Amino acid sequence: MERTTAVNPWDLGVIGGYFLLVLAVGLWSLRRGNRSTISGYFLAGRSMAWGPVGASLFASNIGSGHFVGLAGTGAAGGIAVGGFEWSGMFIVLLLGWAFVPIYLRAGVSTMPEYLGKRFGGGRIQLYLALLSLGLYVSTKLSVDMYSGAIFIQEALGWDLYAAVGALLAVTALYTVTGGLAALMYADLVQTLIIVVGASILAGYALGAVGGYEGLVERYPLALPPNVTGPCGRPRPDAFHLLRHPSTGDLPWPGLLLGLGIISAWYWCTDQVIVQRCLAGRSLTHVRAGCVVCGYLKVLPMFLMVLPGMAARVLFPEVVGCADPQGCRRACGTPVGCSNVAYPRLVLTLLPPGLRGLMLAVVLAALMSSLASIFASAGALFTLDVYRRLRPHAGPRHLLIAGRLWIVAMVGLSLAWLPVVEAARGGQLFDYIQAIASYLAPPVAAVFFLAIFVPRVNEPGAFWGLLGGLGLGLARLVPEFALGTGTCGSPGRCPPFVCGLHYLHFAALLFLVTGLIVIIVSLCYPPIPRQHLHRLVFSLRHSREPRIDLDQQPPKDGAGGVQLQDVEAEPSGQGAEPVGRGAGPSGPGGGALPPAPPPEDPVWSRVVDVNAVILMAVAVFLWGYFA
């Protein structure tokens, strides 16, 4: 099938129309929001309705890395990678019904800030902020840049780094408007574009192979030319979601347990996701947004994974290439060409105009995810790192520091690109999950225990995080230094280090970290109850004053900038906190619980019923494709 490499005026017109639409939405949203305060800039004034919350959760999750990575891993190994998306259907409900109520009642703005209030001391808050920023560079920014660059490289024939430079220029124009409110309203438009455009391409791709039945029949026969050994052959279990626990590429125990842990870290403790929920105007709106996002998570299997498998049927000599020389000729990368599956579909199957629409879809996904990461990284650096270094910095100073940090993160992401390009046999989504499996489970374990086990204290959490980090690095460093190898070319990493599947390793690391946290916590006194009101699940409805462990007495009569400090009226008269942060002082200086916004009981019941329906849909899908 002949490949089209150049976009024509129709395509350029559609792309230009997309940029004008997003710009119009951004300008409209800027008139509605207040970017001059820390809360207005980073949390959209906590005023967003359920629609933008749900759309922004989905758009922040579905970056260009999903289009390239899900389709590429689906082309290489079948539908099992879709389980990564469907597990999120359950976890996003856990976010809305268990974690977000604690975060809102705690009055926090970032995830490290929650651990700071829960445990005190400051070192855990700083550690989590720095780890999160490192994960953003290694698993989010650089991956999205790389996958978006693959699209531009395939469409325009540009060099990889020239394509990345173009993406950064576009993203800089997009993020200069600033503010979470602008990003979330733009995400609402971009989610519609992503769903419509990806649905059109999925129809073309599945139609080209004879529908789902034709895909089931033809995928096992999609062999590259001159294949002799097992390399390059489609997996016999390609259409099984749950695979053999020892020989499967994504074994079912790891898919259920290890993936559940990674999903819980991502959906329930990651700043990019939780920041959208903290911007909701009420808990019911947040939960409704989580349900909307859960329904949208049904789609990636059908809009990305199955079209990726269809690409292998249509282009077996490229997408299914097995030898390094052939892969280098086909796509310029010796470790495999499965990442070009989705771009090839766009450039080959679609007519002019629709091809431009799909390029706009990928740009929408890329720009949405990059802008979301930039906003969250700026919040983490500004509120959890820089404010500790400069406790007397004013709000304008903090906003400038956050924007400068975004520029620094772009440079770090560019430097990490060669690692992304060479990792995990060319399967981008596998790379993302592998990195997360080695570094995220300790964070998930500490958050889980912090919320559900009041006996856990600061020494236990700190040494659990450090112990888990050491174990994760003991696996991560040898694997990336020595390589896991590809089919027919085994890596040099010893089996006793790299032999355990990364999803199994994630489950083991979670358990070991949890044991460290509990054992060390039992060796130290428990945290008094007065410090835990509305910070743990069992005390989430408490109305007693709380004395925060992270409170620091002001020095020389001047305290650091807090969210409520910078949300006052300009005159300073009659100023009250706008957000749901700590309320006025109670006896002994404790924080009284903030008055929650009123909830409509009928609307709340409707949301609960939809959550049950969503769980039933998820169970059916897992059972049908298992």
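Residues numbered from 1 in each chain as written. Predicted model: local features only at pLDDT ≥ 70, side-chain atom pairs only at ≥ 80, totals over all residues. Heavy atoms only, no water.

Draft legend 1. Quick look at the nonpolar core. Membership of the largest hydrophobic core comes to 154 residues, with the highest contact counts inside it found for Leu95, Tyr103, Tyr114 and Leu215. The element best represented in this core is helix α5 (residues 83-106), accounting for 14 residues. Tyr114 has contacts with Ile102, Tyr103, Ala106, Val108, Phe447, Ala450, Ile451 and Leu535, leaving out every residue within four places of it along the chain. (Core = buried A, V, L, I, M, F, W, Y, C linked by side-chain atoms within 4.5 Å. Buried < 20%, exposed > 50% of the residue type's maximum accessible area, 1.4 Å probe, protein only. Helix = DSSP H or I, 4+ residues; strand = E, 2+ residues; numbered from the N terminus. Contact = heavy atoms within 4.5 Å.)

Draft legend 2. Up close: the environment of Val606. Of note, Val606 is situated in helix α25 (residues 601-625). By relative accessible area, which is 38% here, Val606 ends up partly exposed. Distance in space between the C-alpha atoms of Val606 and Thr284 is 9.8 Å, their sequence separation being 322 residues.

Draft legend 3. Representation of the side chain of Lys297 in the model. By the element assignment, Lys297 lies in the loop between α13 (283-296) and α14 (299-314). When its relative accessible area of 1% is taken as the criterion, Lys297 is described as buried. A distance of 2.5 Å separates the side chain of Lys297 from the side chain of Asn61, its partner in a polar contact. When near neighbours in sequence (up to four residues on either side) are disregarded, Lys297 contacts Phe58, Asn61, Ile62, Glu85, Trp86, Met89 and Trp267. (Polar contact = N/O pair within 3.5 Å; in protein donor to acceptor, adjacent residues only side chain to side chain.)

Draft legend 4. Representation of helix α12 (residues 271-278) within the structure. A large share of α12 lies buried, amounting to eight of its eight residues. Burial in α12 covers these residues: Gln271, Val272, Ile273, Val274, Gln275, Arg276, Cys277 and Leu278.

Draft legend 5. Structural context of the environment of Ala474. Take Ala474: it is sitting in helix α22 (residues 458-482). Considered as a pair, Ala474 and Cys498 are 24 residues apart in the sequence and their alpha carbons are 9.8 Å apart.

Draft legend 6. Broad picture of the pattern of salt bridges. A full pass over the atoms with the stated rule returns seven salt bridges. In this structure, Lys297 and Glu85 form a salt bridge, with 2.3 Å as the shortest nitrogen-oxygen distance. Taken together, the residues span a long stretch of sequence, with Lys297 in the loop between α13 and α14 and Glu85 in helix α5 at a distance of 212 residues. Taken as a pair, Lys297 and Glu85 share a single burial class, namely buried. (Salt bridge = Lys/Arg side-chain N within 4 Å of Asp/Glu carboxyl O.)

Draft legend 7. How the structure looks around the packing of helix α11 (residues 252-269) against helix α24 (residues 502-522). Contact geometry for α11 and α24: axes closest at 8 Å, N-to-C directions at 55°. In terms of orientation, α11 lies oblique with respect to α24. Here α11 runs over α24; the crossing is left-handed. On the side of α11, the interface is formed by Pro253, Gly254, Leu255, Leu257, Gly258, Leu259, Ile261 and Ile262, while α24 contributes Leu503, His504, Ala506, Ala507 and Phe510. Among the residues forming the contact of α11 with α24, the class breakdown is ten nonpolar, three polar and no charged. (Axes fitted to C-alpha atoms, helices over the stretch in contact; angles between N-to-C directions. Parallel < 35°, antiparallel > 145°, perpendicular 65-115°, else oblique. Left-handed = near helix turned anticlockwise from the far one by under 90°. Nonpolar A, V, L, I, M, F, W, Y, C, P; charged D, E, K, R; others polar.)

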